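Given next are the chains, with one letter for each unit.
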Amino acid sequence: MRGRRVLKLCGSLNGDWRDLGLAGPLQLEHCAAAGADTDGNPPGDDRGLWEGVDQCIQKFLDVARQTECFFLQKRLQLSVQKPEQVIKEDVSELRNELQRKEALIQKHLGKLRHWQQVLEDISVQHKKPAEMPQGPLAYLEQASANIPAPMKQT
């Protein structure tokens, strides 16, 4: 299925990587040059400039697609000729993903422990007032407990 998709996406790119050559970087440079060149148009008339830039960008994108197709075709050939290599790459990618997810789990566990401790500290603080006297005069009892005893006058 992947092979059909590559061929459909790529069309008839039967060439070699050398056929693509440096077309990508050259196209990009040509686009930059087209943006800098006004072709003698009067100031404020950017229509020709934008058309040239659009054409250059389209050419660059076409070369990028051809390059991608080339590598997809080579990848397809490799998967047919050496399927064990593709399996090794897949296993390696899965191991890396597993390590990344394990690290993420550890990070979240650390945060979870931190917030559990915060909640535990809050619940301990809320239990302390419960040990205080209850009732309508509880506030006065608490306040009077903090007042020092009167000194005797002699």
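For the structure itself, look to the data block above.
Residues numbered from 1 in each chain as written. Predicted model: local features only at pLDDT ≥ 70, side-chain atom pairs only at ≥ 80, totals over all residues. Heavy atoms only, no water.

Caption draft 1: The pattern of salt bridges, seen in detail. A complete count under the given rule lists 3 salt bridges for this structure. The shortest N-O distance in the salt bridge between Glu89 and Arg75 comes to 2.3 Å. Taken together, the residues Glu89 in helix α5 (residues 83-130) and Arg75 in helix α4 (residues 47-81) connect sequence positions 14 residues apart. Here Glu89 falls in the partly exposed class, since its relative accessible area comes to 24%. Across the salt bridge formed by Lys101 and Glu97, the nearest N and O atoms sit 3.0 Å from each other. Highlighted residues: Lys101 and Glu97, both in helix α5, separated by 4 residues, approximately one helical turn. (Salt bridge = Lys/Arg side-chain N within 4 Å of Asp/Glu carboxyl O. Helix = DSSP H or I, 4+ residues; strand = E, 2+ residues; numbered from the N terminus. Buried < 20%, exposed > 50% of the residue type's maximum accessible area, 1.4 Å probe, protein only.)

Caption draft 2: Spotlight on α4. Compared with the 51 Å implied by 1.5 Å per residue over 35 residues, the 51 Å span of α4 between its first and last C-alpha is a close match. Of all the positions in α4, only Leu49, Gly52, Val53, Cys56, Val63, Thr67, Cys69, Phe70 and Gln73 are classed as buried. (Expected span 1.5 Å × (residues − 1).)

Caption draft 3: Structural context of the packing of aromatic side chains. What the rule picks out here adds up to 1 aromatic pair. Aromatic side chains Phe70 and Phe71 sit 5.3 Å apart centroid to centroid with 80 degrees between the ring planes, which places their arrangement in the edge-to-face category. The exposure class assigned to Phe71 is partly exposed, which follows from its relative accessible area of 47%. (Phe/Tyr/Trp six-rings, centres within 6.5 Å; stacked < 30°, edge-to-face > 60°.)

Caption draft 4: A nonpolar patch on the surface, seen in detail. Residues Ile105, Leu109 and Leu112 make up a contiguous nonpolar surface patch of about 240 Å² in total accessible area. Looking at the element boundaries, Leu112 is found in helix α5. Under the relative-accessibility criterion, Leu112 is labelled partly exposed at 45%. (Patch = residues over 30% accessible without salt bridge, like charges linked within 9 Å, V, L, I, M, F, W, Y side chains within 5 Å. Areas by Shrake-Rupley, 256 points an atom, 1.4 Å probe, with all protein chains shown as cover.)

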